[in-house]
Amino acid sequence: MTAGAVEPDEDVPAPPARPTVRVGAPTERRNPLSVDLDLMSTRDVLTVINEADRRVPAAVAAVLDEIATTVDLAVAALRGGHRVHYFGAGTSGRLGVLDAAELAPTFNSPRHWFCSHLAGGPDAMWRAVEDAEDDERGGAVEAAGCVRAGDLVVGLAASGRTPYVLGALASARAKGASTVLLCANPEAEAARSVDVFIGVDTGPEVVTGSTRMKAGTAQKLVLNTFSTAVMVRLGRVYSNLMIDMVATNAKLRGRMISILVEATGCSEQVCQQALSAADGDLKTALVSLVSGAEVDAARAALARSADQVRGALALLAS
């Protein structure tokens, strides 16, 4: 033995071996079109990735019926005073956090409407948290602590088998919540354990197993489609205009004027005056301009119609 070296203590047990799982999902298979990826020119690498990405919108189009069902469940839950939860790990979980975070500034939705839960907690947004996605009990405990009967819980897992996500879904279902699994594995066994299964067939990744690529793009598209449709159904869009946006900077304050001009056909000066009279409330100004009613009447009509522009206009027209 080398001088100064410490002889190992034979009484100290070796650390237990960490569990290993080999996943057979399509997202883990090799893509035959990219086997020479590391030998290609930069332009050819980009071409292969771009051509693979073209498959994603078509794959999402194939599950629009399932997404529509999920939208209807979410609308019913939110109208009933309940919440929508996203549970995910890794890229999938981060996309859930992103989608939930963007709804309040875009649609002025109450922050408690959409709740995102990420395996490993907030730190996992920026770095991988060891073994967090394998913690099935952790997912179950987290869901048990926040999910209530009547809520909608959407599990996000590229492979469709992430233990943290499946634990949360099982716990949520036991609490009386509706459950949805969104993944990039149409063959996922968990499909039989949820109310709605959205299995987007994106196939093998260009870089084998890197589900931040096509699988992640598909999840981003589905979440955008889902949450935007929910906001439309809840009356937070008039025509195709964002009428519940929060103007937090100069660009967005200018957008409010542009929205009023587009929606009413009035001049920019008239729209600015209406917005000022409505104390900066875009919906009130819009209803006032379209109906010709005074600001106070427009505000009262919105209050009587659950803050729905179409409903307020119908009330004033009658």
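Refer to the preceding data block for the structure.
Residues numbered from 1 in each chain as written. Predicted model: local features only at pLDDT ≥ 70, side-chain atom pairs only at ≥ 80, totals over all residues. Heavy atoms only, no water.

A. Layout of the nonpolar core. If you look at the biggest cluster of nonpolar residues, it comprises 33 residues, and the most contacted ones within it are Tyr86, Phe114, Val200, Phe226 and Val230. Every element with two or more residues in this core is listed here: helix 2 (55-61), helix 3 (64-79), strand 1 (84-88), helix 4 (90-107), strand 3 (152-156), strand 4 (178-183), strand 5 (196-199) and helix 7 (214-233). Broken down by element, the residue count for this core peaks at six residues, all from helix 7. If we skip the residues at most four places from it in the chain, Val230 touches Val71, Ala74, Val75, Leu78 and Phe114. By size, the runner-up hydrophobic cluster in this structure holds 24 residues, among which are Met256, Leu260, Cys271 and Ala312. (Core = buried A, V, L, I, M, F, W, Y, C linked by side-chain atoms within 4.5 Å. Buried < 20%, exposed > 50% of the residue type's maximum accessible area, 1.4 Å probe, protein only. Helix = DSSP H or I, 4+ residues; strand = E, 2+ residues; numbered from the N terminus. Contact = heavy atoms within 4.5 Å.)

B. Seen up close, the packing of helix 9 (residues 268-277) against helix 10 (residues 282-291). Across the interface, helix 9 lies against helix 10 with an axial gap of 8 Å and an inter-helix angle of 125°. By the angle class used here, helix 9 and helix 10 are oblique. Relative to helix 10, the crossing made by helix 9 is right-handed. Of helix 10, the residues touching helix 9 (which contributes Val270, Cys271, Ala274 and Leu275) are Leu282, Ala285 and Leu289. Its residues assigned to classes, the contact of helix 9 with helix 10 shows seven nonpolar, no polar and no charged. (Axes fitted to C-alpha atoms, helices over the stretch in contact; angles between N-to-C directions. Parallel < 35°, antiparallel > 145°, perpendicular 65-115°, else oblique. Left-handed = near helix turned anticlockwise from the far one by under 90°. Nonpolar A, V, L, I, M, F, W, Y, C, P; charged D, E, K, R; others polar.)

C. Region of the structure containing unusual backbone geometry. Even without being glycine, Ser239 reaches a positive phi, approximately 60°. Overall, the relative accessible area of 53% leaves Ser239 in the exposed class.

D. The arrangement of a negative patch on the surface in detail. Taken together, the side chains of Asp131, Glu133, Asp134, Asp135 and Glu136 present a region of like negative charge at the surface. As for its position among the elements, Asp134 is in the loop between strand 2 (114-118) and helix 5 (136-146). Judged by its relative accessible area of 43%, Asp134 is partly exposed. (Patch = residues over 30% accessible without salt bridge, like charges linked within 9 Å, V, L, I, M, F, W, Y side chains within 5 Å. Areas by Shrake-Rupley, 256 points an atom, 1.4 Å probe, with all protein chains shown as cover. Salt bridge = Lys/Arg side-chain N within 4 Å of Asp/Glu carboxyl O. Lys, Arg positive; Asp, Glu negative; His and termini not counted. Charge placed at Lys NZ, Arg CZ, Asp CG, Glu CD.)

E. View of the packing of aromatic side chains. Using the criterion set out here, one finds four aromatic pairs in the structure. Between Phe87 and Tyr164, the ring centres sit 6.2 Å apart and the planes meet at 50°, which makes this aromatic pair tilted. Taken together, the residues Phe87 in strand 1 and Tyr164 in helix 6 (residues 163-174) connect sequence positions 77 residues apart. Note on accessibility: Phe87 and Tyr164 belong to one class, buried. One aromatic cluster is present, built from ring pairs that chain together Tyr86, Phe114 and Phe226. (Phe/Tyr/Trp six-rings, centres within 6.5 Å; stacked < 30°, edge-to-face > 60°.)

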